[in-house]
Number of protein chains: 4
Amino acid sequence: MYRTRVYYQDTDAGGVVYYANYLKLFEKSWFEYLLSCGISLPEWEEQGTYVLVKRVELDLLDKSRYGDELETHTTVTDVKNAQFTLAHVVSRDGKPVTRGQTFMVCVDGTGKPKRMPEDFKTRLLACQSISATTT
Amino acid sequence: MYRTRVYYQDTDAGGVVYYANYLKLFEKSWFEYLLSCGISLPEWEEQGTYVLVKRVELDLLDKSRYGDELETHTTVTDVKNAQFTLAHVVSRDGKPVTRGQTFMVCVDGTGKPKRMPEDFKTRLLACQSISATTT
Amino acid sequence: MYRTRVYYQDTDAGGVVYYANYLKLFEKSWFEYLLSCGISLPEWEEQGTYVLVKRVELDLLDKSRYGDELETHTTVTDVKNAQFTLAHVVSRDGKPVTRGQTFMVCVDGTGKPKRMPEDFKTRLLACQSISATTT
Amino acid sequence: MYRTRVYYQDTDAGGVVYYANYLKLFEKSWFEYLLSCGISLPEWEEQGTYVLVKRVELDLLDKSRYGDELETHTTVTDVKNAQFTLAHVVSRDGKPVTRGQTFMVCVDGTGKPKRMPEDFKTRLLACQSISATTT
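Quick caveat: nothing in here was measured; it's all calculated off a predicted structure. (Residues numbered from 1 in each chain as written. Chains lettered and ligands numbered in written order. Predicted model: local features only at pLDDT ≥ 70, side-chain atom pairs only at ≥ 80, totals over all residues. Heavy atoms only, no water.)

## Some points on unusual backbone geometry
Then, in step 1: With phi around 50°, Asp93 of chain A is a residue other than glycine that occupies positive phi space.
Then, in step 2: Asp93 of chain A gets classed as exposed once you look at its relative accessible area, which sits at 78%. (Buried < 20%, exposed > 50% of the residue type's maximum accessible area, 1.4 Å probe, protein only.)

## A look at the packing of aromatic side chains
Then, in step 1: For the coordinates displayed, the defined rule picks out 32 aromatic pairs over all chains.
Then, in step 2: When the centroid spacing of 6.1 Å and the interplanar angle of 85° are considered together, the rings of Tyr7 of chain A and Tyr2 of chain C count as edge-to-face. Of this pair, Tyr7 of chain A sits in the loop between strand 1 (2–5) and helix 1 (21–36) while Tyr2 of chain C sits in strand 1 (residues 2–5), which puts the two residues in different chains. An identical accessibility class is assigned to Tyr7 of chain A and Tyr2 of chain C; each is buried.
Then, in step 3: Ring centres of Phe31 of chain A and Tyr66 of chain C lie 5.7 Å apart, and the angle between their planes is 80°; this geometry places the pair in the edge-to-face category. Within this pair, whereas Phe31 of chain A is found in helix 1, its partner Tyr66 of chain C is found in the loop between strand 2 (50–60) and strand 3 (69–79), the two belonging to separate chains. The pair formed by Phe31 of chain A and Tyr66 of chain C is uniform in burial state, with each residue classed as buried. (Phe/Tyr/Trp six-rings, centres within 6.5 Å; stacked < 30°, edge-to-face > 60°. Helix = DSSP H or I, 4+ residues; strand = E, 2+ residues; numbered from the N terminus.)

## So, the environment of Leu124 of chain B
All names here are of chain B.
Then, in step 1: In this structure, Leu124 sits in helix 3 (residues 118–134).
Then, in step 2: A residue is classified by how much of its surface remains accessible, and Leu124, at 0% relative accessible area, is buried.
Then, in step 3: As for Leu124 and Leu34, which are separated by 90 residues in sequence, their C-alpha atoms are 7.9 Å apart.
Then, in step 4: When sequence neighbours within four positions are dropped, the list of residues in contact with Leu124 reads Leu34, Ile39, Val76, Val79, Phe84 and Met116. (Contact = heavy atoms within 4.5 Å.)

## What about the interface of chain B and chain C?
Then, in step 1: Taken residue by residue, the interface counts eight residues in chain B and eight residues in chain C.
Then, in step 2: Three residues, Tyr8, Ala13 and Tyr18 of chain B, lead the burial of chain B against chain C; their summed loss comes to 58% of the area buried on that side.
Then, in step 3: In this structure, the connection of chain B to chain C is made through zero salt bridges.
Then, in step 4: The interface formed by chain B and chain C contains six residue pairs in polar contact (both at pLDDT 80 or more).
Then, in step 5: Class assignment of the residues belonging to the side of chain B that touches chain C gives a composition of three nonpolar, four polar and one charged. (Buried area = accessible area lost by both parts, 1.4 Å probe. Salt bridge = Lys/Arg side-chain N within 4 Å of Asp/Glu carboxyl O. Polar contact = N/O pair within 3.5 Å; in protein donor to acceptor, adjacent residues only side chain to side chain. Nonpolar A, V, L, I, M, F, W, Y, C, P; charged D, E, K, R; others polar.)

## Overview of the relation of the copies chain A and chain B
Then, in step 1: For the pair chain A and chain B, the best superposition has an RMSD of 0.0 Å and corresponds to a rotation of 180° with a translation of 0.0 Å parallel to the axis. Taken together, the rotation and translation describe the operation of a two-fold axis. The rotation axis passes nearest to the C-alpha of Glu57 of chain A in chain A, at a distance of 2.3 Å.
Then, in step 2: Interface overlap between copies: 100% of the residues of chain A at the interface are likewise at the interface in chain B, consistent with a symmetric, same-surface contact. (Least-squares fit on C-alpha atoms with pLDDT ≥ 70 in both.)

## What about helix 1 (residues 21–36) of chain D?
Then, in step 1: In terms of residue burial, helix 1 of chain D counts as a mostly covered element, since 14 of its 16 residues are buried.
Then, in step 2: Gly38 of chain D sits one or two positions beyond helix 1 of chain D and adopts a positive phi of about 90°.

## Thoughts on the sheet that holds strand 2 (residues 50–60) of chain D
Then, in step 1: The 10 strands are arranged 1(C)-3(C)-4(C)-5(C)-2(C)-2(D)-5(D)-4(D)-3(D)-1(D) in an open sheet whose pairing can be described as antiparallel. Each having just a single partner strand, strand 1 of chain C together with strand 1 (2–5) of chain D make up the two edges of the open sheet. The average angle at which neighbouring strand axes cross in this sheet is 25°, direction not considered.
Then, in step 2: As paired elements, strand 3 (residues 69–79) of chain D and strand 4 (residues 83–92) of chain D share eight bridges and run antiparallel to each other. From the neighbouring strand, His73 of chain D faces strand 4 of chain D, where its bridge partner is Val89 of chain D. (Pairing = 2+ DSSP bridges. Axes fitted to C-alpha atoms, helices over the stretch in contact; angles between N-to-C directions.)

## Details of the side chain of Thr85 of chain C
Residues and elements named next belong to chain C.
Then, in step 1: Relative to the assigned elements, Thr85 resides in strand 4 (residues 83–92).
Then, in step 2: Take Thr85: its relative accessible area is 8%, and that puts it in the buried class.
Then, in step 3: Setting aside residues up to four positions removed in sequence, Thr85 forms contacts with Thr75, Val76, Thr77, Asp78, Gln101, Thr102 and Phe103.

## Some remarks on the sheet that holds strand 1 (residues 2–5) of chain B
Then, in step 1: If you walk across this open sheet you meet the 10 strands as 1(A)-3(A)-4(A)-5(A)-2(A)-2(B)-5(B)-4(B)-3(B)-1(B), and the pairing is antiparallel. What marks the edges here is a single partner per strand, and that holds for strand 1 of chain A together with strand 1 of chain B. Strand-to-strand twist of the sheet, defined as the mean angle between neighbouring strand axes without regard to direction, takes the value 25°.
Then, in step 2: Sheet topology places strand 1 of chain A next to strand 3 (residues 69–79) of chain A; four bridges connect them, and they run antiparallel. Across the sheet, the residue bridging to Arg3 of chain A is Glu71 of chain A, located in strand 3 of chain A.

The values reported here are purely geometric and, on their own, carry no functional implication.
Written out as structure tokens, the structure is:
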């Protein structure tokens, strides 16, 4: 979970959060979420496993404005051998503002897709089963 | 069409364009594309018609790096009474790097969806028919 | 004080935080700092007082990388009738990474400089005197 | 010289270009300016010479809004053995909107300051003398 306020830098002249900036919230949220699952992305990079985004879906449901407090929640919804899917919800006062999914792929240092390391996968699956029981 | 180089500001520590920044290219491209269709978004705002993004789909197909020259092409693919859909392709040397769609809705100054003005719609439809014949 | 990790979105292809992004940390830090002084910028805006940046000085002393934990500390160093100055330090493990100053001006809804409201000024001065005794 | 329009992504809820985004214009402008001097930053990186920003000064003189057309002009104003200084002016209709300076240092692949290569320096000095005679 990633909690933040909306600062000027997040907004646009329409007075609301600029649409691309929700993808930045997603990244912050998945970084912290994976860390809570025991997966430190910077440490995995040192061992040659990188995680890339392959596809994004983003639904903008409501507006958020300067000073609003936002919470972004991420869960893992699918785990394959080289890929996994994350679902994200950004909320204000418990009400969803945006929802999205990011489809992630594991690659090696040259950018070639690779089977995710066993320990990485085990932790992802453990996190997925916790999400499944709590939601 | 929007042509740009990849600058440092567009990249991340992975050495490639950060995924959310493709949405910024999409915006620049749809602004210029709509202008080429005779639709100036800032001028329509002065008359009380605003265009918001409701949904985004983004597929990352290849990487782009510092110094690369990118072209973003936008076309209108669907026009309804209050909504329209734009398709975007970012290419390097004629090869697609990302593809995406943005689903747009027309709103009034209070953010409420509104039927798009007749002149706005006519120009969108004219642009759509040109796209349809050239692609 | 504003504490954050360095995410991919903050970095560039050089593997370090992109220089302009330190100004974004400054904003987050001054928002939280002023709030701790009893000054909510969004609330003052509702009453017609806006705060703009007139000048920035930024010194980049060291690098920060993906996953680093950064702390940004802001203090008010000068208060005039319509202007005030904020000093910012971004640190990693207690070691400064960047330093900067932002020179702020109070304006009304039309963007014209205005004398800052008495309550606003009183709170700034109180915060300045606390900073002066603790540093 | 770098010419662009102001898009939504450049603005904030104050209706104007967000202050940190001027540094992004500076980067785009210095990239194109140095290229016009015969210095391709990506090519120099391949040969182990990197250019970092050490200090920034930025003065915000006027506002720019959604749809405005901006021109950013860069000139080299000082050349030392390992450092050089660039001056930037962002204008709208020939009227300055912001001015700034960036103090640049040449470093090697490990981030250590290094004497700039002779060819790099020669081209910088040639560009500086052209700027000096035309302004």
